[in-house]
Amino acid sequence: MQNTRTEVVVVGAGQAGIAMSEHLGQRGISHIVLEKDRIAERWRTGRWDSLVANGPAWHDRFPNREFGETAPESFATKDQVAQYFEEYAAQVGAPVRTGVQVTRVTRNEGRPGFTVETSDGTIEANYVVAATGPFQKPVIPQIIPEDAPLNQIHSSDYRNPGQLPEGNVLVVGAGSSGVQIADELHEAGRQVHLAVGPHDRPPRRYRGQDFCWWLGVLNKWEMSTPPAGAEHVTIAVSGAHGGQTVNFRALGRKGLTLVGRASSYSNGVLGFDDDLAANVARGDANYLSILDEADAYIERNGLDFPQEPEARDLGELPECITDPLTELDLQAAGITTIVWATGFSVDYSWLEADTFDERGRPRHQKGVGQEAGIYFLGLPWQSRRGSSFIWGVWHDAQYIADQIGIQRAYAAHQPIAANALSAAATA
């Protein structure tokens, strides 16, 4: 690709990059999508074997294509999702070049645009869209030393129970990934401790509708910012087992040992915050508040939805919540593996632009970077709550394509020369 020129370079060919390509193509804007691996590689190899989408197939998709053989109310497997994006890229004619890694992007001096250096040559572009998403660099808190006699892995490296050495497991993090991994390990016969932090836990379904539908009609997907104090709160929701509401009380009664947030480590003993009961109570309150809003919506609109009073029966609190552990001797508990389901940070080290804060996070407005010509796509809360979901990223890509179109129009404008204006005025 030496000396290749295009209007837009899109970095990343996951859901964000493919959506971006569709909207750019519709506007006749020349572009290239660069992907260091394969299309939707994160879905293929960056997740555990049994993963399914967290939203039903009717909802977690792009508007212009349904999930082939997946029933609308079912949850697509990770391989089906990867296939979906590969087929979608072909459908929209996305100019994807796989196996090409972007190593450096710099602004040109004395002329417009950017130089994009890659493993396959350089490209000149007027605009750059970083569509690498939020799951770039696994985060493992610096609590337990790396040389501790334990198998420590991030959830992105977990594949299945057979991958782990014999012994019991501690899963740290109770968002969607942590809950599903902990439950899978428990069902495989492992004794599992699960560290639970602050979380929201919506009902999987209520009165005949999936929570994705409820968040839609209640206008919660359109929230522009998370509630104050909830910026780092995870969402405990799962499409596993056909889609079930995550209930930490039930997990405790089932045999998993719930603990508070992991916070300290000394001489083989891991300490936990005294926040488990409060975290579970806040999650329960969040769950019940959605039921309340749903009931009010049904009544307000005169809908004939089935009653579901049993949804409000949360069940008894297990002993691990009423009398929680504050510390755990890992060796005595037989724990040989810790799975850190503790999220990711971003990594834009390849993008040399004045659009990042002191922690390397993008400074942007709805994906429009602080530095002109730089755009971001696929970030959590980029424009709304739904931004990092499959359908949400499609709409954000539409907005970014519009913004690029506006900048192209400004760049193409040729001002009338001063003498021509003077002549026109005296004519």
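Source: prediction; values computed, not measured.

Can you help me understand helix α7 (residues 276-301) in this one?
Along an α-helix, residues three or four apart share an orientation, since each turn contains 3.6 residues. A rise of 1.5 Å per residue sets the reference length of α7, with its 26 residues, at 38 Å; its end C-alpha atoms lie 38 Å apart and thus fit the reference within 8%. Among the residues of α7, Leu276, Asn279, Val280, Gly283, Asp284, Asn286, Tyr287, Ile290, Leu291, Ala294, Tyr297 and Ile298 are the ones counted as buried. Buried residues belonging to α7 abut β11 (199-200), β12 (205-206), α5 (211-217), α6 (248-254), β15 (257-259) and α8 (319-322). Remark: Gly302 follows α7 within two positions and exhibits a positive phi of approximately 60°.

Honestly, the sheet that holds strand β19 (residues 335-340) in this entry has me stumped. Any pointers?
Adjacent strands of a sheet form backbone hydrogen bonds with each other and so pair up, either parallel or antiparallel. Strand order in this open sheet of 5 strands is β8-β19-β9-β10-β15, and the pairing throughout is parallel. A strand with exactly one partner marks an edge of an open sheet, and here the two such strands are β8 (151-154) and β15. On average, adjacent strands in this sheet sit at an angle of 20° to one another, irrespective of strand direction. Two elements, strand β10 (residues 192-195) and β15, share 3 bridges in a ladder whose sense is parallel. By the bridge assignment, His193 is partnered in β15 with Thr257.

Whenever I open this one, the packing of aromatic side chains confuses me. Can you help?
The geometry of an aromatic ring pair comes down to the distance between the two centres and the angle between the two planes. Summed over the entire model, instances satisfying the criterion amount to 21 aromatic pairs. Relative to Trp214, the ring of Tyr206 lies with its centre 6.5 Å away and its plane at 45°, an arrangement referred to as tilted. Per residue, the accessibility class of Tyr206 equals that of Trp214, and both read buried. Centroid distance Trp221 to Trp391: 5.4 Å. Interplanar angle 75°. Geometry classified as edge-to-face. A residue pair is termed long-range when its members are at least 10 positions apart, and Trp221 in the loop between α5 and β14 (234-235) and Trp391 in helix α9 (residues 390-412) qualify at 170 residues. Residue class for Trp221 comes out buried when judged on its relative accessible area of 5%. For Trp391, a relative accessible area of 12% corresponds to the buried category. Pairwise contacts between aromatic rings join Phe62, Phe67, Tyr84, Phe85 and Tyr88 into one cluster. Against the face of Tyr287 rests Arg201, its NZ or CZ located 4.5 Å from the ring centre. The aromatic ring of Tyr399 is capped on one face by Lys366, whose charged end is 5.7 Å from the ring centroid.

The rules we used
- For every chain, the first residue of its written sequence is number 1, and the numbers climb from 1 along that sequence.
- Selection of residues for local features in this predicted model requires a pLDDT of at least 70, selection of side-chain atom pairs for listing and counting requires 80 or more, and totals for whole chains, interfaces and linings are taken over all residues.
- To obtain the side-chain values, all non-hydrogen atoms of the structure were included, while hydrogens and water were left out.
- Comment: elements are numbered from the N terminus, with helices defined as DSSP H or I runs of at least four residues and strands as E runs of at least two.
- To estimate the expected span of a helix, subtract one from its residue number and multiply by 1.5 Å.
- Exposure is judged per residue with a 1.4 Å probe applied to protein chains only, and the accessible area is read against the type maximum: over 50% gives exposed, under 20% gives buried, and values in between give partly exposed.
- Only heavy atoms enter the contact rule, under which two residues are in contact if any of them lie within 4.5 Å.
- Strand pairing requires that DSSP identify at least two bridges connecting the strands.
- Here the axes come from fitting lines to C-alpha atoms, over the contacting stretch only for helices, and the angles between their N-to-C directions go from 0 to 180 degrees.
- Any two rings among Phe, Tyr and Trp, with Trp reduced to its six-membered ring, count as a pair given centres within 6.5 Å; such a pair is stacked if its planes are under 30 degrees apart, edge-to-face if over 60, and tilted if neither.
- Charge over a ring is defined by NZ of Lys or CZ of Arg lying within 6 Å of the ring centre and within 35 degrees of the ring normal.

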